Amino acid sequence: MDETRKEGKKEFEPRFTSELFAWGESLMGVLIAFVIIFTFVVRLFGVDGMSMYPTLEDRSIMLVSNLGYHPEKGDIVVLRKDGFYSDQPIVKRVIATGGDTVDIDPVTGDVSVNGEVLDEPYIAEKIDTLTCMGDLSYPQTIPEGCVFVMGDNRNNSTDSRDSRLGIVDERCILGHVLRVVFPFSEFGSVE
């Protein structure tokens, strides 16, 4: 009977080691896939501040991609401009792209692109024209390869209206927001 136990034990050890090795290989493959995906395809970014409220809240975490991305009006993007906001990424909405002309009515605070007032149901409130117009003059024609961005919380956002950020080169865009992943109550795509 002792010989039977020894034989059974010998069969068990190699099979166990083989299965453990197979699990290890699978986990390593998954880990490598995650590294590649989160390095080259999508990234996670956190919102710092209330400049995109009510669309995005402070401390929200977003899934962002730059794969084959070309900016379009209305997109929410993450960008980084040297010398602005301590070189940290910021989140803003693309209002206009290269060739567009942006104007802000100094009385009503309405934003227009190419002569048409934007319908902006996503903003917190219209621009307070007495304190939040920024230091740019209007109208502004956006050069090709650049974008004009604004926060949805217009009266609490430093954006393209301020010459410190100004009109942004598209190369500063790290990607566009695909969806909010945290908090879970806000999980989903953004508009």
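Use the structure listed above.
Scoring rules and cut-offs
For every chain, the first residue of the written sequence is number 1, and numbering continues from 1 onward in sequence order. Note on the predicted model: pLDDT of at least 70 is required for a residue's local features to be given, and 80 or more for side-chain atom pairs to be given and counted; whole-chain, interface and lining totals, by contrast, use all residues. Working from all heavy atoms in the structure, the side-chain values ignore hydrogens and water. Only strands joined by at least two bridges in the DSSP assignment are considered to pair. Helical segments are the DSSP runs of H or I of at least four residues, strand segments are the runs of E of at least two, and each set is numbered from the N terminus. Salt bridges are defined by distance alone: a side-chain nitrogen of Lys or Arg within 4 Å of a carboxyl oxygen of Asp or Glu. Buried means the residue's accessible area, taken with a 1.4 Å probe over protein chains only, is under 20% of the maximum for its type, while exposed means over 50%, and partly exposed covers the values in between.

A. Geometry of the sheet that holds strand S11 (residues 173-182). In space, the 7 strands of this open sheet follow the order S1-S2-S11-S3-S4-S9-S10, with antiparallel pairing throughout. Both edges of this open sheet fall to strand S1 (42-46) and strand S10 (168-169), since each of them pairs with a single strand only. One ladder, built from 4 bridges, connects strand S3 (residues 76-79) with strand S4 (residues 90-97); its direction is antiparallel. Each residue of the ladder has a partner; that of valine 78, found in S4, is valine 91.

B. Structural context of the pattern of salt bridges. One pass over the full model with this rule turns up 8 salt bridges. A salt bridge links aspartate 100 to lysine 73; its shortest N-O distance comes to 3.2 Å. Placement of the pair is aspartate 100 in the loop between S4 and strand S5 (101-104) and lysine 73 in the loop between strand S2 (61-65) and S3, with a sequence separation of 27 residues. Of the residues examined, aspartate 100 reaches a relative accessible area of 7% and is grouped as buried. What makes lysine 73 partly exposed here is its relative accessible area of 45%. For arginine 154, the salt bridge is made with glutamate 120, and the minimal N-O distance between the two is 2.7 Å. Taken as a pair, arginine 154 in the loop between strand S9 (146-150) and S10 and glutamate 120 in the loop between strand S7 (116-117) and strand S8 (140-141) lie far apart in primary sequence, 34 residues in all. Residue glutamate 120 is classed as buried on the basis of its relative accessible area, which comes to 13%.

C. Geometry of the sheet that holds S8. Strand order in the open sheet formed by 4 strands is S7-S6-S5-S8, with antiparallel pairing between adjacent strands. Edge positions in the sheet fall to S7 and S8, since each of these pairs with one other strand and no more. Pairing analysis gives 2 bridges linking S5 to S8, with the strands arranged antiparallel. From the neighbouring strand, threonine 101 faces S8, where its bridge partner is threonine 141.

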